[in-house]
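# Report on the structure
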Amino acid sequence: MSASVPPRVVVLAGGVGGAKFTLGARAALAALDAPEATVVVNTGDDLWLSGVRLQPDIDSVLYALGGQNDTVRGWGRAGDTERVNAELQAWGAGWPWFTLGDLDLGTHLARTGWLRDGATVTEVVDRLSRRWPLGVRLLPMTDTEVDTHVLLRDGARMHFQEWWTRHRASLEPAAFENPGIEQSVPAPGVVEAIADADVVLLAPSNPVVSIGPILSVPGVRQALATTPARVVGVSPIIGGRVVRGMADVCLTAIGVETSAAAVAAHYGARSSGGVLDAWLVAEEDADAAASVDALGIRAVVAPLWMTDVPASAALATTALRA
Ligand code: GDP
Ligand code: CA
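Just so it is clear, the structure is predicted and the values come from calculations on it, not from any experiment.

### Some words on the sheet that holds strand β8 (residues 173–177)
The sheet built from 3 strands is open, its strands ordered β7-β6-β8 with antiparallel pairing. If you trace the sheet from one side to the other, it starts and ends with β7 (157–159) and β8, each paired once. Mean inter-strand twist for the sheet, computed between neighbouring axes without regard to direction, equals 25°. The pairing of strand β6 (residues 149–152) with β8 spans 4 bridges and is classified as antiparallel. In the sheet register, Leu 152 faces β8, and the bridge partner there is Pro 173.

Right under this line is the structure:
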């Protein structure tokens, strides 16, 4: 990235962690007078429930960038109510442990209606993106339904949302699968955006169930391998722990230690068939820098806490310069 030409940026993102990072990237790019970033969002969390299509990660990013998210609760719409949800429960419909807010249901109904009318997921996300000025271009990773399933040690299988929300990741997973993903293709614009980028940023999202599905869409890894852009990742692990959520359980299931260095090794160096040129590790994990460098990935030690938008923007600026 030269000092005078603002960079074209692609962000690969999951839900809440991805949204916090994207808020920072948007601010950092605005300060550079750079074009709007393209944000490629995980759709592995998507599901059908009570007849409507939910896209939790897309909506987390949409609501956060649109200034509509509930910052206290950490998910959903600010000021939402649950009248319809109470009716669904009274009917015994849906999942009793999965709350759908009234405003949120408005989004799901709009989305489902457009899908029923024949719109692609990309077209639906584009329509959802027009209501509030987002300051980024949102793309789903693929138009195909490739919902993440969890295969349990005892052989049972369930949708990721049931494992995560109902069982709080307490059932021991053996594997995460996205049925149909081998036949899927990246959503229109994804490969092109990566090819035309100066920097691709991997948000500090869950490496297994947020970034993992994006990288599993055939063609995405190839696009990352061949882009002239630098590919820079941000560790979701700080001080050997996940910041929030249960990424540690997901990492353990796929045989990856919960550490900044192990996640970097899991992504791999672009120079040896992986995806990363550089990896931001927390100051708390400065010890990991040497082993990351030894992988052929440039380690950059920086503050990684996304406590507010200025902190996320500073983090994104460091990533852009890495
Ligand atoms: P989800 O889809 O809503 O679960 O969110 P993501 O997958 O996008 O992000 C979840 C990940 O974000 C978790 O693994 C957290 O460790 C990570 N995370 C959350 N807050 C922070 C933060 O302040 N700094 C860093 N570096 N990672 C964070
Ligand atoms: Ca998610």
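Moving on, there is more to tell.
### Side note on the site of ligand 1
Close contacts around ligand 1 come from 21 residues, with Val 16, Ser 205, Ser 210, Leu 304 and Met 306 the closest. Contact between ligand 1 and Lys 20: a nitrogen atom at 3.5 Å from a side-chain N or O atom of the residue. Within the complex, 94% of the 590 Å² of free accessible area of ligand 1 lies under protein. When atom positions are compared with the pocket grids, ligand 1 is found to occupy the largest pocket.

### Examining the sheet that holds strand β2 (residues 37–41)
Read from one edge of the open sheet, 7 strands run β5-β2-β1-β9-β10-β13-β14, paired in parallel fashion. Either end of the sheet is taken by a strand with one partner, and the two such strands are β5 (136–140) and β14 (298–302). In this sheet, neighbouring strand axes are inclined to one another by 20° on average, regardless of whether the strands run parallel or antiparallel. Bridging between strand β9 (residues 199–202) and strand β10 (residues 230–234) involves 4 bridges; their strand directions are parallel. Note on β10: the bridge partner recorded for Val 199 is Arg 230. Sheet strands touched by helix α2 (residues 56–65): β2 and β5. Its angle to β5, the strand with the most contacts, is close to 170°. Its contacts with the sheet place helix α13 (residues 309–321) against β1 (9–13), β9, β10, β13 (278–282) and β14, and it is angled at close to 145° to β10.

### Observations regarding α13
Taking 1.5 Å per residue as the helical rise, α13 with its 13 residues ought to reach 18 Å, and the 18 Å between its terminal C-alpha atoms agrees with that figure. Burial in α13 covers these residues: Ala 311, Ser 312, Ala 313, Leu 315, Ala 316, Ala 319 and Leu 320. Of the residues that open α13, the one with a side-chain oxygen 2.9 Å from the backbone nitrogen of Ala 311 is Asp 308.

### Comments concerning the pairing of β5
Counting buried residues in β5 gives 4 out of 5 residues, a clear majority hidden from the surface. Pairing between β2 and β5: 5 bridges, direction parallel. Across the sheet, residue Val 39 finds its bridge partner in β5, namely Leu 138.

### A few points about empty space enclosed by the protein
Within the structure shown, the criterion is met by 2 cavities of 30 Å³ or more. The space that makes up the largest cavity amounts to roughly 40 Å³. If you trace the largest cavity, you find it lined by Thr 43, Asp 46, Arg 53, Gln 55, Val 121, Thr 142, Thr 144, Glu 145 and Val 146. Taken together, the residues of the lining of the largest cavity sort by class into 2 nonpolar, 4 polar and 3 charged. Considering only enclosed or pocket space, the second largest cavity measures out at about 40 Å³ in volume. Lining the second largest cavity we find Leu 49, Ser 50, Asn 85, Leu 88, Gln 89, Ala 93, Gly 94, Trp 95, Phe 98 and Leu 100. No other element matches the 3 residues that helix α3 (residues 83–91) contributes to the lining of the second largest cavity. The residue inventory of the lining of the second largest cavity, partitioned by class, reads 6 nonpolar, 4 polar and no charged.

Rules of the game
Residues numbered from 1 in each chain as written. Chains lettered and ligands numbered in written order. Predicted model: local features only at pLDDT ≥ 70, side-chain atom pairs only at ≥ 80, totals over all residues. Heavy atoms only, no water. Pairing = 2+ DSSP bridges. Helix = DSSP H or I, 4+ residues; strand = E, 2+ residues; numbered from the N terminus. Axes fitted to C-alpha atoms, helices over the stretch in contact; angles between N-to-C directions. Near = heavy atom within 4 Å. Polar contact = N/O pair within 3.5 Å; in protein donor to acceptor, adjacent residues only side chain to side chain. Areas by Shrake-Rupley, 256 points an atom, 1.4 Å probe, with all protein chains shown as cover. 1 Å grid on protein atoms, 1.4 Å probe; cavity = no way out; pocket = protein on both sides within 12 Å on 5 of 7 lines; lining within 4 Å. Sits in = over half its atoms within 2 Å of the grid points. Contact = heavy atoms within 4.5 Å. Expected span 1.5 Å × (residues − 1). Buried < 20%, exposed > 50% of the residue type's maximum accessible area, 1.4 Å probe, protein only. Points joined across faces, edges and corners; volume = space filled by probe spheres on them. Nonpolar A, V, L, I, M, F, W, Y, C, P; charged D, E, K, R; others polar.

Coordinates in, geometry out; function isn't part of it.
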